Amino acid sequence: MRDLFGHYDANLAVLEEQLGIEAVVNGNAVALRGPREACVAAKVILEHLYNRLAQGETIGVGDVTGAIRHASVSDTSEPGTLKPKAQQIKTRKRVITARTPAQSAYLACLEKNDLVFATGPAGTGKTYLAVAFAAAALEAGLCDRLILSRPAVEAGERLGFLPGDMRDKVDPYLRPLYDALYDTLGSERVERGLDTGMIEIAPLAFMRGRTLSNAMVILDEAQNCTAVQLKMFLTRLGEGSKMIVTGDPTQVDLPKGQDSGLFEAIEILRGIDEIGHIAFANSDVVRRELVGRIVEAYDRAGNTDRSKAAHSPANTLAESDSDIPESGKNR
């Protein structure tokens, strides 16, 4: 019960704030006061979290928020039937539970399709869940190897020539993938997999001409791929393989004049069986509440800039010029 309530009842404080109720602890009992539907939702969420603790999982504030998000989209026509339905991944080190309905839809999409695109802002779990899903598949014997790739594009900086072999040169670009691997499989398992080739780190440029069979293939930061690069990568998919392509449309680091091929690929492949697309929104940011507010602030600033550009003197002149008859323009 102590783990359920959280340190200094922090988990109950989240329930109170987000559901608009009052939770009073008396020993191992919790009295819920407030609107009936909110109290019923809080009761079911607490029971759901308690069951997860009983199965050996750990619960934090993020898990409470995730359960609330799932409960908010559940069928509330009959209060007694409210059940948060969160997808889970079981790996060697831990059980990972989806924290938003979009994450649950993402995991379900990965189960169903052989090629999945995941787009959205930073902090929504696109990459982490992709690596966790792939790691679980590797552990369960559903694939023979795990292949991680990412375009080597600097985020506005020039790193110059990096020393070492190919892995040493590529590692800085693939750090987020490594972090997720270590968190799900453990450092010893990851290092052994890298040594045996069961886990492969491959720069995007080295994919040409290969056929990737019986593998889980992840392409991260795909918004930094050109249309030609992404077509080349997608056509590497072989028998018995799944491919996951993730990208953030707001963080394109390609040189000026080059367009991202990610959104073109999603549009071209739309409607094809065995291909899915999950688009995360700002409300799906789970990294930290502050990150969500940062993303929203940048979005607002971007919309303001576009609005100013549309009403700038240059654009106003261009619009008024379009109303001038051809004869007037020639004079």
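Residues numbered from 1 in each chain as written. Predicted model: local features only at pLDDT ≥ 70, side-chain atom pairs only at ≥ 80, totals over all residues. Heavy atoms only, no water.

**Some details on helix α2 (residues 10-19)**
Argument step 1. Along α2, the residues classified as buried are N11, L12, V14 and L15. The arc that holds the buried residues of α2, viewed along the axis, is 155°, so those residues lie on one side.
Argument step 2. Contacts from the buried residues of α2 go to α1 (2-5), β1 (22-26), α3 (36-54) and α4 (61-72).
Argument step 3. Directly beyond the C-terminal end of α2, a positive phi value near 70° is found at G20. (Buried < 20%, exposed > 50% of the residue type's maximum accessible area, 1.4 Å probe, protein only. Helix = DSSP H or I, 4+ residues; strand = E, 2+ residues; numbered from the N terminus. Arc of directions from axis to C-beta. Contact = heavy atoms within 4.5 Å.)

**What to know about the confidence of the model for the protein chain**
Argument step 1. On average, residues of the protein chain score 81 in pLDDT, and 78% of them are at 70 or above.
Argument step 2. The low-confidence segment residues 75-82 (pLDDT under 50) makes 9 contacts with residues lying over four places distant or belonging to another chain.
Argument step 3. Confidence drops under a pLDDT of 50 for residues 154-160, and excluding neighbours within four residues, the segment shows 5 contacts in the predicted structure. (pLDDT = per-residue confidence, 0-100.)

**What to know about the environment of A23**
Argument step 1. If you trace the backbone, A23 turns up in strand β1.
Argument step 2. Overall, A23 belongs to the buried group, its relative accessible area being 13%.
Argument step 3. The contact partners of A23, leaving out residues within four places of it in the chain, are L12, E16, V30, A31 and L32.

**Focus: the packing of aromatic side chains**
Argument step 1. According to the stated counting rule, one finds 2 aromatic pairs in the structure shown.
Argument step 2. Judged by centre distance (5.4 Å) and plane angle (85°), the rings of Y106 and F280 are edge-to-face. Pair noted here: Y106 is in helix α5 (residues 101-112) and F280 is in the loop between β10 (275-279) and α12 (289-310), with a separation of 174 residues, a long-range link.
Argument step 3. An angle of 20° between the planes, with centres 6.2 Å apart, marks the rings of Y178 and Y182 as stacked. Separated by 4 residues within a single helix, Y178 and Y182 lie in helix α8 (residues 175-185), roughly one turn from each other.
Argument step 4. By relative accessible area, which is 1% here, Y178 ends up buried. (Phe/Tyr/Trp six-rings, centres within 6.5 Å; stacked < 30°, edge-to-face > 60°.)

**Some words on the pattern of salt bridges**
Argument step 1. Evaluation of the coordinates by the stated rule reveals 13 salt bridges.
Argument step 2. As a salt-bridge pair, D183 and R94 come within 2.9 Å of each other at their nearest N and O atoms. Of this pair, D183 sits in helix α8 while R94 sits in the loop between β3 (88-90) and β4 (95-97), and the two are 89 residues apart along the sequence.
Argument step 3. According to the relative accessible area criterion, R94 is partly exposed, its value standing at 35%.
Argument step 4. The shortest N-O distance in the salt bridge between E267 and R270 comes to 2.8 Å.
Argument step 5. Taking the relative accessible area as the measure of exposure, R270 reaches 52% and is therefore exposed.
Argument step 6. Sharing partners across several salt bridges, the network here consists of R52, E57, D63 and R99. (Salt bridge = Lys/Arg side-chain N within 4 Å of Asp/Glu carboxyl O.)

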